[in-house]
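Structural description and commentary
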There are 2 protein chains.
Amino acid sequence: VHFRATLAYDGTGFQGFQSQSAGARTVQGELEAALGRLAKGGRVAVHAAGRTDAGVHAVGQVACFDLPRTMDPVQLARALNAMLPADLRVLEAAESPAAFHARKSASSKLYRYVLDSGSVQLPTRRLFAGHIAFSLDHRTVAETAALYVGRHDFASLASSGGSAKTTTRTVFRAEARWEQPAPGTETLVFEAEADGFLRKMMRSMVGGLVAAGRGAMTVAELRRALDARDRSAWPPPAAARGLTLVRVEYDAVIR
Amino acid sequence: VHFRATLAYDGTGFQGFQSQSAGARTVQGELEAALGRLAKGGRVAVHAAGRTDAGVHAVGQVACFDLPRTMDPVQLARALNAMLPADLRVLEAAESPAAFHARKSASSKLYRYVLDSGSVQLPTRRLFAGHIAFSLDHRTVAETAALYVGRHDFASLASSGGSAKTTTRTVFRAEARWEQPAPGTETLVFEAEADGFLRKMMRSMVGGLVAAGRGAMTVAELRRALDARDRSAWPPPAAARGLTLVRVEYDAVIR
C-alpha cells in the first residue's frame, strides 16, 4: 500500500534528510527503521520532497513509501510517532495513488529563513535562526528578494553535489518581512516559494540578501552575479540552522 | 566594583540557575567560572533576580556580582561571552550601586509561558513550549487568569523547597493570548507580572489555566483551591520547558 506522510523535525541532531556517509543519523534512516518494524523487518524505502541538509528543519516535509500491509493512516501515524525519536514527528499520514512521488509529483515548495541581527543572539533562538552582528537595509533587501522572482538559471546559487539535471527554476514568490523579537533586536524572515530548489539555493538567496543589505554588493552586482551562472561570483550561503521547509504543494489530481 | 548583568539562556541543558546537587551544571556555575577567570582565580559570587528551575529559559534574567578590578562594562560583557558556552549569553553589563541586589532590589518580574495544543507538537517547538493534546476554552482561561491578579496568599501554588518567608505576592498583570503557529494548531501565551514568584508558582498558574480550560475544574473550584492555601488542592504545574523569565524591573533610584 502506497502512503504519503507529512513530517516535522528539528534538524539540529540530523545529518540531513539523507546522507552519503555510513553511520550518519538521518531523518530517512530513523523513518525507515520505524517502518521496517511495521513491515516485520522488510526494508521500506522512503522518498522525500526535499533533501534538507544537516541542521535544516521542517514543519511540512512530505515523504512517500510502500508498506507491505494495509493499515489505517491515523493508526500508522500514531504507531510511527510511538517509535520515532522526539525530534522527528509524523503530523499526518494518508493513502495515496501508486503514481504519487513526494519529490517528482510536487508542484511547489515553500522554505522560510529566519535571521537575527544584533550584537548578541538570544540562546533560545540559536538553533532555529541564523545570526549576523550588523543590521541590514530594508529597502535593499526587498529589492534583492525581487531579483529572485521568476524563471532563472540559478547555477550561481547552487552548491556542487546536487543531482539536478538543470539549474533553471521558477520562483513564484520571494518576500522579506521584519520582526522585533526583543527591544534592540531585529529579525529578517525570508520566505521563498518555487517549483524546486537547487542544493543550498535557499541559503544562497539569503547570502545575497545579506551581501546587498549590508552594502557589500549592490543589487546590480548581484544581478550580474546571478546572470554569470558561476558559483564563485555569489556570496556565501547563510547557516543551515535558520532554514525550515514549511510546505510542499501537489496538484489536486495526484494528491 | 559592583556590576549588574542582563542574561539570556536556553535552560534545556542547565539544572536551573543554581542547584543543591554537587556537579550539576547550572547558570550560576558557568557564570562564576567565567568571572573567576577574570578575577584571576578569586571566587566571584553571583546573585540572580529569579532562581529559575531546570529547563526554564531566560531572555532577561538579571544578576549582580562584585569583581575585584575595574573593567569597562562593554568589555566585560564581551569577555564573558567569549568564555561562556553558547547556551548562555550576557546581553548587557553595567556598573551598579553597591546597594543593588538583583533579587532584593527587584520591584517586579515578568514571566511568559508558551503552551502548544494539538495532537502532535512540532519538534522545532518542543524545547521552548509545553504541550497538551486537547484544546482549551478561551473564555474560561481568561477568567482563570483574572483570578490571579491582585494580592493573594499563593501557598496553594508554591512547591516545597522554596526559601520565601511569606507566600503572599501581588500579581500586577496576568494575561492569556492565543496564536496559531500552523494550521490546525493553537498556542496559549500566558504572561504574568508580579512583585515576586514562589517556587513553581508560574507553572502552577498555568496548571490552573489548563485544569479550568479543559473543564476538569471550574473557575469557582479553582478560587476555593487558591483560598485553601493547600498545595494538594491545586492541579499539577505545567512542564518547565514552556517557561521563560522575560524581564526584571527595578526602581529607577537603585538601578
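Residues numbered from 1 in each chain as written. Chains lettered and ligands numbered in written order. Predicted model: local features only at pLDDT ≥ 70, side-chain atom pairs only at ≥ 80, totals over all residues. Heavy atoms only, no water.

1. Concerning helix α5 (residues 219-227) of chain A
All names here are of chain A. As a reminder of what qualifies: To sort residues, take the accessible area from a 1.4 Å probe on protein chains only and compare it with the maximum for the residue type: under 20% means buried, over 50% means exposed, and anything in between is partly exposed. Secondary structure elements are taken from DSSP: a helix is a run of H or I of four residues or more, a strand is a run of E of two residues or more, and numbering for both begins at the N terminus. Here the arc refers to the directions that run from the helix axis out to each C-beta atom. Residue contacts follow a heavy-atom distance rule, with two residues in contact if any of their heavy atoms lie within 4.5 Å.
Taken together, the buried positions of α5 are V219, L222, A225 and L226. Seen along its axis, α5 keeps its buried residues to an arc of 115°; they face one direction. Projecting away from the buried face of α5 at angles above 90 degrees are the exposed residues R224 and D227. On its buried side, α5 packs onto α3 (138-148), β7 (150-153) and α4 (201-213). Positive phi shows up at R229, right after α5, with a value of about 50°.

2. Section: the interface of chain A and chain B
Let me state the cut-off plainly: Summed over both partners, the accessible area (1.4 Å probe) lost when two parts come together is defined as the buried area. For salt bridges, the criterion is a side-chain nitrogen of Lys or Arg within 4 Å of an Asp or Glu carboxyl oxygen. The term polar contact refers here to a pair of N or O atoms within 3.5 Å; inside protein, the definition further demands a hydrogen-donor-capable atom paired with an acceptor-capable atom, and it admits residues adjacent in sequence only when both atoms are side-chain atoms. Three classes are used: nonpolar for Ala, Val, Leu, Ile, Met, Phe, Trp, Tyr, Cys and Pro, charged for Asp, Glu, Lys and Arg, and polar for all others, with Gly counted as polar.
Every contact between the two is made by 19 residues of chain A and, on the other side, 19 residues of chain B. Interface of chain A and chain B: buried area, both sides summed, is about 1,500 Å²; carbon and sulfur atoms make up 76% of it. Area buried by chain A at its contact with chain B is led by V120(A), P123(A) and T124(A), which between them contribute 34% of it. The interface formed by chain A and chain B holds 2 salt bridges in total. Applying the counting rule to chain A against chain B returns 2 residue pairs in polar contact (both at pLDDT 80 or more). Counting residues per element, the ones that place at least two in the side of chain A that touches chain B are β1 (2-9), β3 (57-66) and β4 (88-95) of chain A. Among the elements that take part in the side of chain A that touches chain B, β4(A) stands out by supplying 4 residues, more than any other. Class assignment of the residues belonging to the side of chain A that touches chain B gives a composition of 11 nonpolar, 4 polar and 4 charged.

3. Structural notes on the relation of the copies chain A and chain B
For the record, the criterion: Only residues with pLDDT of at least 70 in both copies contribute their C-alpha atoms to the least-squares superposition of the copies.
Mapping chain A onto chain B calls for a screw motion: a turn of 180° about the axis and a shift of 0.0 Å along it, with 0.0 Å RMSD after fitting. In short, the pair behaves as if placed about a two-fold rotation axis. A share of 100% of interface residues in chain A that are also interface residues in chain B marks the association as one of identical surfaces.

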